[in-house]
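So you can see what is in the structure, the chains are spelled out below.
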Amino acid sequence: MSSTPLPSGSPRSAEAVNEEIRALMAETGTWLWGPTRERYEQLRDEWVAAVRGEMTTAA
């Protein structure tokens, strides 16, 4: 897992983060290495946190 801290400020929705992940994947042709891999891992961690937050809010 990435040890890079998540962005501070207002958390984005899981949907917004997912859109950015999809754009990154489309841009790179799904090849993830170096800085692209690091960015993907940051987005993945942000998405997981957003999903958990949305689940907590819904419960």
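The structure reproduced in this document is the subject of the present report. Think of each chain on its own: its residues are numbered from 1, step by step along the sequence as written. Residues qualify for local features only when their pLDDT is at least 70, as the model is predicted, and side-chain atom pairs are given and counted only at 80 or more; totals for whole chains, interfaces and linings, by contrast, use all residues. Side-chain descriptors were evaluated using all non-hydrogen atoms of the structure, hydrogens and water having been removed beforehand.

**With respect to the environment of Ser13**
Inclusion rule: Going along the chain from the N terminus, every DSSP run of H or I of four or more residues is numbered as a helix, and every run of E of two or more is numbered as a strand. We call two residues in contact when some of their heavy atoms are within 4.5 Å. Polar contact criterion, stated in full: a pair of N or O atoms within 3.5 Å, where within protein one must be able to donate a hydrogen and the other to accept it, and residues adjacent in sequence count only if both atoms are side-chain atoms.
Within the secondary structure layout, Ser13 lies in the segment before helix 1 (14-28). Aside from chain neighbours lying at most four places away, what touches Ser13 is Ala50 and Glu54. One polar contact links the side chain of Ser13 to the main-chain amide nitrogen of Ala16, over a distance of 3.0 Å.

**Comments concerning the pattern of salt bridges**
As a reminder, the rule being used: Salt bridge, as used here, is a side-chain nitrogen of Lys or Arg placed within 4 Å of a carboxyl oxygen of Asp or Glu. Throughout, exposure labels follow a simple rule: accessible area from a 1.4 Å probe, protein chains only, divided by the maximum for the residue type, with under 20% read as buried, over 50% as exposed, and the rest as partly exposed.
Scanning the model with the defined rule gives 5 salt bridges in all. One salt bridge in this structure joins Glu20 and Arg12, with 2.8 Å as the shortest N-O distance. Using a relative accessible area of 27% as the deciding quantity, one classes Glu20 as partly exposed. Classification of Arg12 by relative accessible area gives partly exposed; the value is 30%. Across the pair Arg39 and Glu20 runs a salt bridge whose closest N-O atoms are separated by 2.5 Å. Placement of the pair is Arg39 in helix 2 (residues 34-58) and Glu20 in helix 1, with a sequence separation of 19 residues. Connected through salt bridges with shared partners, the residues Arg12, Glu20, Arg39 and Glu46 form a single ionic network.

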